[in-house]
Amino acid sequence: MDIRPNHTIYINNVNDKIKKEELKRSLYALFSQFGQIIDIVALKTMKMRGQAFVVFKELASATNALRQLQGFPFYNKPMRIQYAKTDSEVISKMRGTFGDKDKKKDKKKKALELAANPAKKAALGTNTQPNATPIQQTPDNPPNYILFLNNLPEETNEMMLSMLFNQFPGFKEVRLVPGRHDIAFVEFETEGQAGVARDALQGFRITSTCAMKITYAKK
């Protein structure tokens, strides 16, 4: 019997060698392209190893993510994705295995993030500092098949960026810069393919505070 579509998707065959926080960040980076994510649950208990839940705000986002990422090689293991059996029941069950301290930390963290987002938006409109310049005003170089990324968060890694960019045709590789976490290069086969990825991911937030800036690399 098929499980009815709902806002929560269940993922298994996840690489269980990945640390919980890195796993959640990577899942967010991969799945947030499909829509707003309300929650991600990934536990390292014996019963829940290799599994995760992603809760979307919109049903269409969950459906799109399930179709597009079915079998996606996530940390070298193809993901198996289906709708969760129920929306809220599964999540509350998972939450029941968290300690009270974790619950409080999660609530506090979410409250801080919610408070930070409107403040960030307001700052973009009023602040004249260079780091608050609206994204569309980022000066660019002539078209190139290599993209230059900056304003990346500290936890950025090659896997995260590869997951974001390899959904676009012509993707070849990501190159990180040793000693610099905030910049990277992404290579495509043609200038046109690089341009499509640049336009689609301009301003993408890998974390809630860092909007990625993408320009063509200098030739």
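Look up: the structure comes first, before these words.
Everything quoted here is computed from the prediction, not taken from an experiment.

### A look at the overall build of the chain
Item 1. Scanning the chain for helices and strands turns up 6 helices and 10 strands.
Item 2. Here the chain, with 219 residues, has 42% of them falling under the buried criterion.
Item 3. For the chain, the exposed surface amounts to about 12,800 Å²; the carbon and sulfur share of it is 53%.

### Examining the sheet that holds strand β8 (residues 171-177)
Item 1. If you walk across this open sheet you meet the 4 strands as β8-β9-β7-β10, and the pairing is antiparallel. In the strand order of this sheet, the two ends are held by β8 and β10 (213-216), each with one partner. Taking the axes of each pair of neighbouring strands and ignoring which way they run, one obtains an average angle of 25° across the sheet.
Item 2. Two strands pair when backbone bridges link them, and strand β7 (residues 146-150) and β10 are joined in this way by 4 bridges, in the antiparallel orientation. Along β10, the bridge assignment pairs Phe148 with Thr215.
Item 3. Running over the sheet, helix α5 (residues 158-165) touches β7, β8, β9 (180-188) and β10 and is turned about 150° from β8.
Item 4. Where helix α6 (residues 191-201) meets the sheet, its contacts fall on β7, β9 and β10, and the angle it forms with β10 comes to roughly 160°.

### Re the pairing of β8
Item 1. As defined by bridge partners, β8 adjoins β9 across 6 bridges and the pair is classed as antiparallel. Its bridge partner lying in β9, Val177 is registered against Arg180.
Item 2. In sequence, β8 turns back onto β9 through a hairpin of 2 residues, with Gly179 there showing a positive phi of about 85°.

### Topic: the nonpolar core
Item 1. Ile9, Phe31, Phe56, Phe74 and Met79 are the most contacted members of the largest nonpolar core, which has 26 residues in total.
Item 2. If sequence neighbours within four positions are ignored, Phe74 has contacts with Val14, Leu23, Ser26, Leu27, Leu30, Met79, Met159 and Met163.

### What about the environment of Pro169?
Item 1. Within the secondary structure, Pro169 is located in the loop between α5 and β8.
Item 2. Measuring from C-alpha to C-alpha, the distance between Pro169 and Val196 comes to 9.0 Å, with 27 residues separating the pair along the chain.
Item 3. Look past the residues within four positions of Pro169 in its chain and what remains in contact with it is Phe188 and Gln193.

### Points about empty space enclosed by the protein
Item 1. One pass over the full model with this rule turns up 1 cavity of 30 Å³ or more.
Item 2. For the largest cavity, the full set of lining residues is Val14, Asn15, Asp16, Leu23, Leu43, Lys44, Met48, Arg49, Gly50 and Gln51.
Item 3. Its residues placed into classes, the lining of the largest cavity shows 4 nonpolar, 3 polar and 3 charged.

So, how was this worked out
Residues numbered from 1 in each chain as written. Predicted model: local features only at pLDDT ≥ 70, side-chain atom pairs only at ≥ 80, totals over all residues. Heavy atoms only, no water. Helix = DSSP H or I, 4+ residues; strand = E, 2+ residues; numbered from the N terminus. Buried < 20%, exposed > 50% of the residue type's maximum accessible area, 1.4 Å probe, protein only. Areas by Shrake-Rupley, 256 points an atom, 1.4 Å probe, with all protein chains shown as cover. Pairing = 2+ DSSP bridges. Axes fitted to C-alpha atoms, helices over the stretch in contact; angles between N-to-C directions. Contact = heavy atoms within 4.5 Å. Core = buried A, V, L, I, M, F, W, Y, C linked by side-chain atoms within 4.5 Å. 1 Å grid on protein atoms, 1.4 Å probe; cavity = no way out; pocket = protein on both sides within 12 Å on 5 of 7 lines; lining within 4 Å. Points joined across faces, edges and corners; volume = space filled by probe spheres on them. Nonpolar A, V, L, I, M, F, W, Y, C, P; charged D, E, K, R; others polar.

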